Each structure stands twice: as C-alpha cells, then as structure tokens.
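# Analysis of the macromolecular model
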Amino acid sequence: MSHALAAIVPSYNHYRHIGGVIDALKTHGLRIFIIDDGSAEPAKSELAKLHDPAGGVTLHRQPENGGKGAAVMAGFRLAAAEGFTHALQIDADGQHDLAALPALIELAALHPDTLISGQPIYDETIPTSRKMARWITHVWVWIETLSMAITDSMCGYRIYPLAPALAVIESERVGHYMDFDTEIMVRMNWRGTPVRMLPIHVTYPEDNTSNFRLGADNWLITRMHTRLVFGMLLRLPQILRNRAGRPPPETARHWGRLNERGAALGLKFLLGVYRLAGWRFCWVCLQPVLLYFFLTGGTQRRASRDYWRRLYAAKGEAREPGLGQLWRHYQSFGRMALDKLAAWHGQIASEALMQDDLALLDQMVRRKQGMMVVTSHLGNVDILRAVGASRGIDNITVFAHTRNAVRFNRLLGETNPAAAVDIMEVEDIGPATLIELEEKLAAGNWIVIAGDRISLSGGKRIRMIDFLGDPAPFSEGAWIMAALLGCPVYVLHCLREGDRHRILFEKLTDRVTRSRGADNGLKGPMTEYAGILQEICLKYPEQWYNFYDFWAIPENFGPPDKKNEETK
C-alpha cells in the first residue's frame, strides 16, 4: 500500500492551543486540513487566520456544528480528493502529546494497512468520571470485537488508512459526535483492518473547554454500544473470517509479556460493587466477565490445558482435560480474586483460617526470627497479607518482578492500610539493598519472594527443574539472595478448603550455601521447592494460577555472563 499522509484537525470553539499543534504538524511536512465545526466567535475568527493554502494549511468551515465525527469525516473526504492515502487525526485543544508524532508517523509508514492509534497515559488532570466511563467503554469494545487488540478506542489521536475508513463511512452508519472514534474503529476492525496501539501521554490543559455533552453524548454512546453488540452478533461469521485472515500476533513466551487483562480502575470498580453488595452478588456479576476472558483468552486456555495434561500424567491418569475442567479452573481464579477483595476490605477474619495452622504461624511470629519466605502463584497468599497485622505479622518486605505490583500494593494500602507491605523490585537488588535487607532480617522481618516466576531480564540465571513430569525454568534469584543473606528459608502457601483457608508453612533449609561448579549449591533447595509445589498442585490442582506456558524455555536461556558472574 502506498503512503501519503495528511493531517486532520477538527475544532469546535478550540483556538487557544491549536497554533502549537499546527506548528508541530508543519515540522513533519504534513498537508493540514483544519475543520471548523461551526465555531462561534472569537474561535471562528482565530481559526480563519490559520488558513494558508500556500503554506499547506486549509481551513474548511462546516455550515453548522455537526459533531466531531462529522468534522473528521469531512476531513477524510478532502484528503482523499487530493490523493492522500492516510489521515492523521489530532485534537485542536492541545491535550495530545506532540512529541509522539514521529513515532505515530513511523508506525503508519511501516504498517500502511493498519489503523495506528494512541493508547492514552493520563496524568492526574483527567476527571475521575471520565476515567471510569472510558474503562466501561473498553470492556464493551473487547466484547464487540471479540478481541483485546483495541486497548483504547476513545483516543482521537490516530492515523487511518483512508480507503478502509472511507469504505466504512460511505456504507455504514457511524456516529457523528463523541461516539465516532469508538464506532469507526470497531467497524474497521470488523472488516479486517489491523490495529496497533502506541502509548502516548495525554493531559487536560487548565484552560481546556470540553465539548462533551454529559447527557446527550452518554446517550449516543449507549446507543452506539447497543448497535455494535447486535451488529457483532449479526456479522459474527464475517468477523471471525476476517480475524482468521490476519497474521497471528507474536507469541508471548514470557509471562511478563502477556497483556494484563485488567487495570487498577477495574479493581476499584469491582471493589465498589463488593462494598455495596457483598461477595455473593459480586460473584454473580463476575461470571460474564470470566466467561468473556475464557472465550477470548486463547493463550491462557492453552496454558491451562497443558497444565492439566501434565497434572493428570503425574497422577498416572490417561485423561484429556475438557472445556468443563478449564472453566472450573477459571472460576477458581475468580474466587481467588474475590477472596482478595474480601481480605483487603477486612472481611476475612482469623477464624477463616484453620486454627491448627494459625497456632504454628503464631509460634513463628513470637520467635521474631528474620527469614526468607518463598511463595508462589499457587493458592492465595494475599489472605495472610491482609489479616497478618492482627497476628503480629507486620514486618514484611515483598520482592516483585514488575512495577505493576508496586501500583497494586498502593491500591491495597488505600483500601486497607493494615494489609499493605513494603515492596521492592527484583531488578533493583544491589549492595545497598542487601545491607538494608540484612538490617530488616536482624529486626525480625520476613523477606517474601515468589519462586515460580522468572525475571523479566531473561534466562541467564535460570535452572531447569523437574516439575509435573518435565523440566521447567525456575529463577535462581531468590536462592542467590538467601545465600547472600545467610538466613533460614521457609515456604509459605495459603489454600482454600471449602469456606476456609489452609496455611502450609514449613522450613526448607537453615541456610543456602553456594558452591563452585555446575550445581553451585542451589540445585538442592530449588529441587525441594519445586517438589513442594508439585505436591500442593496434586492436592489443590485448581488453585494453580500461572496462566502461561510455564515450561517454555526462555529465549536467551544460558549460563550467566562470565564477567558478571565473577563480580558476584
């Protein structure tokens, strides 16, 4: 596909920041169409001053205000009439990050048949109500497209291939107001136009005037989603056929490269429902959400099926997991998520834990012994995090693999301050960190880290350990840290049994000692840890929540760099 790009800037009474937008577009040599959507004075006169055909800027004035969508569609037709193949849409009010223009333009040139769209990263200036409304629309779009490819359909900062965009607006009904951006994106996606999202920063200037009409536009958006849901059902064969014709997305081998299928705002929303109506009502509301992710999450379903096959083989059973078993696995994950909500909200008391297990836990607390605690994504250790303060477990430092865990913990602290803990990133460990950790251990702190996830940095400190019948990659990170700190290592899990929770807490070793050679002293404790995981999986199989290819060999798997190894 050829590539000739023009810029379309719709404006209705926005003129204070448009000059900077036009200047930025000129630096990229773009032909610019400003669409004045029936602005009143003084905007009308200020916009008219920007008309400069010799300089590549054309002002087109709509006879009356027809809505943002109508203005952008007018720009499409003007650009196509002059022979342009692609159109950049950008707002006139200065909220879009102009520094992202080169990346947008480059992506469109590399993928000329693709709709390139901004995925907003908002600062604190976005109104909370707008943030919530956007999240609701995201969920509906995922349902309407049967895909998670469109992570934000409401951002008006994008580059369209004009031929498929015009084909939609000339043959289908597309909203003319604030429903335009979402509707044209969904309808183009139905017809097979791929979508690529580019994270961009968005801010709301202090003097910004919103053209969003609270009642009228919300009603139009509601009607739009109704049309799209029914349209999706009517076009289902066509949509599936077009999706099948697209090149498959790159396989996500590493768990950290899988898109997070949720957000902090969604958790807050779910928490609000929980507060208002409780666990049972929330569980009913969660069923269609779980069903949606079950139907659309091919990667996660395949991982679940692979896990169950290995589990059956480890039990000596010649069975093939059916859809019913996979669905029960998803439901178990949903119950775990709601148990987290209950714990954060302070509604899981110590009585919900097995009393004999609590006695052992209390004994460890009274000893005030610093220790490394290795856990996993098996069961729900957050139950203990949330109720720990009442048992005297208030000195916990958690090591996490991603910055998302830090934001997650901040939300937890806002909900239930007693449940929040110190979180440090695995990648941040250095000499200063080790000194700080030694001081924490001396004060009786628990250092908690998951041993079943490999680092995002790759496979250089990975050991393949037998797990459910085949070698799986386990990170050496926790065990190297334990050896450097010279502390005892315990394994801790919390599993649901009916309406109560079982604590599994046992000492693995008094000390991890490193040695030279291929074994390096870590194989023994790591193998014992994997054996404990396997034993728990066999007893509580549906509480395994690693929904990715756990046995996949990392892309850069191999021994650590010799120079780096010598510095350890």
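Residues numbered from 1 in each chain as written. Predicted model: local features only at pLDDT ≥ 70, side-chain atom pairs only at ≥ 80, totals over all residues. Heavy atoms only, no water.

The secondary structure content of the chain amounts to 19 helices and 15 strands. Counting over 568 residues, the chain shows a buried share of 52%. Within the structure as shown, the chain displays about 26200 Å² of accessible surface, and the carbon and sulfur contribution to it stands at 55%. (Helix = DSSP H or I, 4+ residues; strand = E, 2+ residues; numbered from the N terminus. Buried < 20%, exposed > 50% of the residue type's maximum accessible area, 1.4 Å probe, protein only. Areas by Shrake-Rupley, 256 points an atom, 1.4 Å probe, with all protein chains shown as cover.)

This brings us to the environment of K315. Within the element layout of this structure, K315 appears in the loop between α11 (298-314) and α12 (323-344). A residue is classified by how much of its surface remains accessible, and K315, at 38% relative accessible area, is partly exposed. Sequence spacing of K315 and L468 is 153 residues, and the spatial spacing of their C-alpha atoms is 9.2 Å.

Once that is clear, we can look at the side chain of Q89. Looking at where Q89 falls in the secondary structure, it is placed in strand β4 (residues 86-89). Within the structure, the side chain of Q89 is placed 3.0 Å from the side chain of Y160, a separation counted as a polar contact. (Polar contact = N/O pair within 3.5 Å; in protein donor to acceptor, adjacent residues only side chain to side chain.)

Note on placement: G379 falls in the loop between β8 (371-375) and α14 (382-387). Taking the relative accessible area as the measure of exposure, G379 reaches 8% and is therefore buried.

The next thing to look at is the pattern of salt bridges. One pass over the full model with this rule turns up 19 salt bridges. A salt bridge links R227 to E183, with the nearest nitrogen and oxygen atoms 2.6 Å apart. A residue pair is termed long-range when its members are at least 10 positions apart, and R227 in helix α8 (residues 214-234) and E183 in helix α7 (residues 180-190) qualify at 44 residues. The exposure classification of R227 matches that of E183, with both residues buried. Close ionic contact of R319 with E317 constitutes a salt bridge, the shortest N to O distance being 3.1 Å. Sharing partners across several salt bridges, the network here consists of E172, E183, R187, R191 and R227. (Salt bridge = Lys/Arg side-chain N within 4 Å of Asp/Glu carboxyl O.)

In terms of residue burial, helix α17 (residues 477-485) counts as a mostly covered element, since 7 of its 9 residues are buried. Considered for burial, the residues of α17 that qualify are A478, W479, I480, M481, A482, A483 and L485. G486 sits one or two residues past α17 and shows a positive phi near 65°.

Moving on: the packing of aromatic side chains. Inspection of the entire model under this criterion finds 23 aromatic pairs. Arranged with centres 4.9 Å apart and planes meeting at 70°, the rings of F76 and Y160 form a pair that is edge-to-face. Placement of F76 in helix α3 (residues 68-81) and of Y160 in strand β6 (residues 158-161) is noted, with a sequence separation of 84 residues between them. Like F76, the residue Y160 is buried in the burial classification. (Phe/Tyr/Trp six-rings, centres within 6.5 Å; stacked < 30°, edge-to-face > 60°.)

Attention shifts here to the nonpolar core. Formed by 53 residues in total, the largest nonpolar core has its most connected members in M372, F467, F474 and W479. Each residue touching W479, except ones within four places of it in the same chain, is listed here: V374, V489, L508, V512, L522, P525, M526 and Y529. Counting residues in each nonpolar core, the second largest holds 34 residues, with F33, L166, M185 and M224 among its members. (Core = buried A, V, L, I, M, F, W, Y, C linked by side-chain atoms within 4.5 Å. Contact = heavy atoms within 4.5 Å.)

At a minimum axis distance of 10 Å, the contact between α11 and α12 shows a crossing angle of 110°. In terms of axis orientation, α11 runs roughly perpendicular to α12. Contacts from Q300, R301, S304, R305, Y307, W308 and Y312 of α11 reach α12 at L323, Q325, L326, H329 and Y330. (Axes fitted to C-alpha atoms, helices over the stretch in contact; angles between N-to-C directions. Parallel < 35°, antiparallel > 145°, perpendicular 65-115°, else oblique.)

Let us now look at the pairing of strand β14 (residues 489-497). Burial analysis of β14 places 7 of its 9 residues in the buried class, which makes it a mostly covered element. Pairing geometry for β8 and β14, over 3 bridges, is parallel. Its bridge partner lying in β14, V373 is registered against Y490. (Pairing = 2+ DSSP bridges.)

Bringing helix α1 (residues 18-26) into the picture now. Along α1, the residues that are buried comprise I18, V21, I22, A24 and L25. All buried residues of α1 fall inside an arc of 160° around its axis, so they share one side. (Arc of directions from axis to C-beta.)

Turning our eyes to something else, we now look at the packing of α3 against α7. Where α3 meets α7, the closest approach of the two axes is 9 Å, and the angle between their N-to-C directions is 55°. Relative to α7, the element α3 lies oblique. For the pair formed by α3 and α7, the contact residues are K68, G69, V72, M73 and F76 on the first element and F180, D181 and I184 on the second. Within the contact of α3 with α7, the residues separate by chemical class into 5 nonpolar, 1 polar and 2 charged. (Nonpolar A, V, L, I, M, F, W, Y, C, P; charged D, E, K, R; others polar.)

Attention now goes to the pairing of β8. Extensive coverage of β8 is indicated by the burial of 5 of its 5 residues. Residues of β8 alternate between two faces, with M371, V373 and T375 on one and M372 and V374 on the opposite face, all of them buried. As paired strands, β8 and strand β11 (residues 446-450) are joined by 5 bridges and run parallel to one another. Within the sheet, the bridge partner assigned to T375 lies in β11 and is A450.

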